[in-house]
Amino acid sequence: MATKKMLYLNRRAPYGSVYALESLEVVLIGAAFEQDVSLAFIDDGVFQLLKGQNTTAVGMKNFSPTYKALGDYDVRKIYVEKESLEARGLSREDLLDLTYEDENEGYAEKDSIQVVSRTDMAGIIEQNDVVFSF
Amino acid sequence: MSVLHTVNKSPFERNGLESCLRYVKKGSSVLLIEDGVYGALAGSASSNAVKGAMANVTVYALEADVLARGIKGKLMDGVKLVDYAGFVDLVTKHDTTSAWL
Amino acid sequence: MKFAVLVSEGPYTHQASDTAYNFCKAALDGGHEIGRIFFYHDGVNNATRYTVPPQDDRNIQQRWSKLQQEHQLDMVVCIAAAQRRGIMDEKEAKRQGLDGNNIAPGFHISGLGQLIEAGIEADRLVVFGD
């Protein structure tokens, strides 16, 4: 099977609707297909990656710990747009620590999240063969 | 690579169009469908943003949705109308499609 | 050209299913191929055969079933999304100990891998949602 560049474009906050959760489910299943996968978080999508989510009182499943497993699934390119963070009063420090082990550098832990500018994000979107929007 | 961006939300309700227009690059196109066609209204709060984008990209609107909403006579100049077959053609003519839901 | 189509909303509430249907019909009329139509999120609700819209309205589910039959389309309903929303085929209903199934003709239930595979194998993926 040919390898394609696939982008998961996340623009929605978690919990208020199911899209964030069900998008993550696609990413986890999709990892088995060994494609060139990237995740992009823009607009309210950046809220998905916030630290400190606690869903006990709303009675829903807190799926934010699952993002930490992405590294084990070889999902290593997670782009978060700087302007979207800033517009929401957020910065990199507010986001989860997502890492992967780089087999080329003695399995050193590396940051999966890259905060990128809007201009860079436009280039990232354009590079892909397939864009899954949720 | 060229991208066909589809926008299906009214710009007066959601930011799909506004967001999309930030990421369009020269050679790409924007297709307004469903409530997204309200983004093609002339003299509206979002007209200037759309007009600005037209310097780089072609903006299309799905005629069936325009007609359904009774706004055919109110569209800004330069927006091209397509039918569903035209929508299909646009998908084939761009390298990839990105939906701004 | 070969398309894959993702339908992410159910019938009637949002226009997504209507637009997806009109797109697929135009693509097929234009001599293109639809490799797979994948129903996800509330899109799985397009697959219940128990929808009874008023007579003067379109029957969205039957329209999909008919298009499938005419063109032998591969229409896949995501199993995880379907289970959350009560869309069952005979096998799944039995497995879950439920008293019946509701899937419409032409749809079949399968895993999310079918969506990824459709995206890989098609020339273009087109997403319809809200």
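Below or above, wherever it landed, is the structure these notes cover.

Each helix and strand counted, chain A has three helices and seven strands in total. Listing each helix as α and each strand as β along chain A from the N terminus yields β-α-β-β-α-β-β-β-α-β. When its C-alpha atoms are laid out on the principal axes, chain A stretches across 45 × 30 × 30 Å. Expressed as a percentage of the 134 residues in chain A, the buried residues total 51%. By sequence separation, contacts in chain A at least 24 residues apart represent 78% of the contacts at least 6 residues apart. A total of about 6,100 Å² of accessible surface is found on chain A, and carbon and sulfur atoms cover 47% of it. Of the charged side chains in chain A, 14 are positive and 23 negative, and the gap between their average positions amounts to 4 Å.

Moving on to the environment of Y38 of chain B. All names here are of chain B. Among the structural elements, Y38 can be located in the loop between β2 (29-32) and α2 (47-53). Since its relative accessible area comes to 25%, Y38 is described here as partly exposed. The spatial distance from the C-alpha of Y38 to the C-alpha of L75 is 8.6 Å, given a sequence separation of 37 residues. Apart from the residues lying within four places of it in its own chain, the contact partners of Y38 are S10, P11, F12, R69 and I71.

Contact residues are listed per partner, giving 18 residues for chain A and 17 residues for chain B. Taken together, both faces of the contact between chain A and chain B bury some 1,500 Å²; the carbon and sulfur share is 48%. Of the charged contacts, one joins R22 of chain B and D43 of chain A as a salt bridge, the two residues approaching to 3.5 Å between their closest N and O atoms. Applying the counting rule to chain A against chain B returns seven residue pairs in polar contact (both at pLDDT 80 or more). The set of elements that each furnish at least two residues to the side of chain A that touches chain B consists of α3 (118-126) and β7 (130-133) of chain A. The element best represented in the side of chain A that touches chain B is α3 of chain A, accounting for six residues. Taken together, the residues of the side of chain A that touches chain B break down into seven nonpolar, four polar and seven charged.

All names here are of chain B. Strands sit in the order β4-β3-β2-β1-β5 across an open sheet of five strands; the sheet is parallel. Every interior strand has two partners, whereas the edge strands, β4 (80-82) and β5 (96-100), have only one. Between one strand axis and the next, the sheet turns by 25 degrees as a mean value, whatever way the strands run. In this structure, strand β3 (residues 58-62) lies alongside β4, joined through three bridges in parallel fashion. For L62, the partnering residue across the bridge sits in β4 and is V82.

Attention now goes to the pattern of salt bridges. Evaluated as defined, the whole model comprises 29 salt bridges over all chains. One salt bridge in this structure joins D36 of chain A and K77 of chain A, with 2.5 Å as the shortest N-O distance. With D36 of chain A in strand β2 (residues 36-41) and K77 of chain A in the loop between β2 and β3 (78-81), this residue pair connects regions lying 41 residues apart in the sequence. The exposure class assigned to D36 of chain A is partly exposed, which follows from its relative accessible area of 24%. The exposure class of K77 of chain A is partly exposed, given its relative accessible area of 24%. If you follow the salt bridges from partner to partner, you end up with E22 and E25 of chain A together with D42, R84 and R85 of chain C in one network.

Conventions we followed
Residues numbered from 1 in each chain as written. Chains lettered and ligands numbered in written order. Predicted model: local features only at pLDDT ≥ 70, side-chain atom pairs only at ≥ 80, totals over all residues. Heavy atoms only, no water. Helix = DSSP H or I, 4+ residues; strand = E, 2+ residues; numbered from the N terminus. Buried < 20%, exposed > 50% of the residue type's maximum accessible area, 1.4 Å probe, protein only. Contact = heavy atoms within 4.5 Å. Areas by Shrake-Rupley, 256 points an atom, 1.4 Å probe, with all protein chains shown as cover. Lys, Arg positive; Asp, Glu negative; His and termini not counted. Charge placed at Lys NZ, Arg CZ, Asp CG, Glu CD. Buried area = accessible area lost by both parts, 1.4 Å probe. Salt bridge = Lys/Arg side-chain N within 4 Å of Asp/Glu carboxyl O. Polar contact = N/O pair within 3.5 Å; in protein donor to acceptor, adjacent residues only side chain to side chain. Nonpolar A, V, L, I, M, F, W, Y, C, P; charged D, E, K, R; others polar. Pairing = 2+ DSSP bridges. Axes fitted to C-alpha atoms, helices over the stretch in contact; angles between N-to-C directions.

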